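Here is how the chains run, residue by residue.
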Amino acid sequence: MVAKRKKLDYEAAVAELETLVERLEQGDISLEESLKLYERGVLLSRDCQEALQAAEQKVQVLMQQAGQASLVDFETDNDDT
């Protein structure tokens, strides 16, 4: 039987990701430890993406219930062309 890992809430996952990145950027850890941190970071990143997708779905449902138009992509003022 595979144990199911507990997901952190979005804010906790982002905070842990930031800490992992800082440790990896320092470069004073072993390759084995770096790989463990990287693996943890991938899992946290996936959890964050899932949380954002769930939040977007909830917003879409609420907007539909309120009879509002669907979501549109956010456009920034930056011109990256």
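In this report, the structure presented in the accompanying data block is examined. (Residues numbered from 1 in each chain as written. Predicted model: local features only at pLDDT ≥ 70, side-chain atom pairs only at ≥ 80, totals over all residues. Heavy atoms only, no water.)

### A look at the packing of helix H1 (residues 10–26) against helix H2 (residues 31–65)
Piece 1. Between H1 and H2, whose axes approach to 9 Å, the crossing angle comes to 150°. Between H1 and H2, the angle is such that the two are roughly antiparallel. Once H1 is placed against H2, the crossing between them reads as left-handed. Two secondary-structure elements touch here, H1 through Tyr10, Ala13, Val14, Glu16, Leu17, Leu20, Arg23 and Leu24 and H2 through Glu33, Ser34, Leu37, Tyr38, Arg40, Gly41, Leu44, Ser45, Cys48, Ala51 and Leu52.
Piece 2. Looking at the contact of H1 with H2 residue by residue, the classes come out as 12 nonpolar, 3 polar and 4 charged. (Axes fitted to C-alpha atoms, helices over the stretch in contact; angles between N-to-C directions. Helix = DSSP H or I, 4+ residues; strand = E, 2+ residues; numbered from the N terminus. Parallel < 35°, antiparallel > 145°, perpendicular 65-115°, else oblique. Left-handed = near helix turned anticlockwise from the far one by under 90°. Contact = heavy atoms within 4.5 Å. Nonpolar A, V, L, I, M, F, W, Y, C, P; charged D, E, K, R; others polar.)

### Overview of H2
Piece 1. Taking 1.5 Å per residue, 35 residues should reach 51 Å; H2 reaches 51 Å between its end C-alpha atoms and fits that length.
Piece 2. Buried residues along H2 sit in contact with H1. (Expected span 1.5 Å × (residues − 1).)

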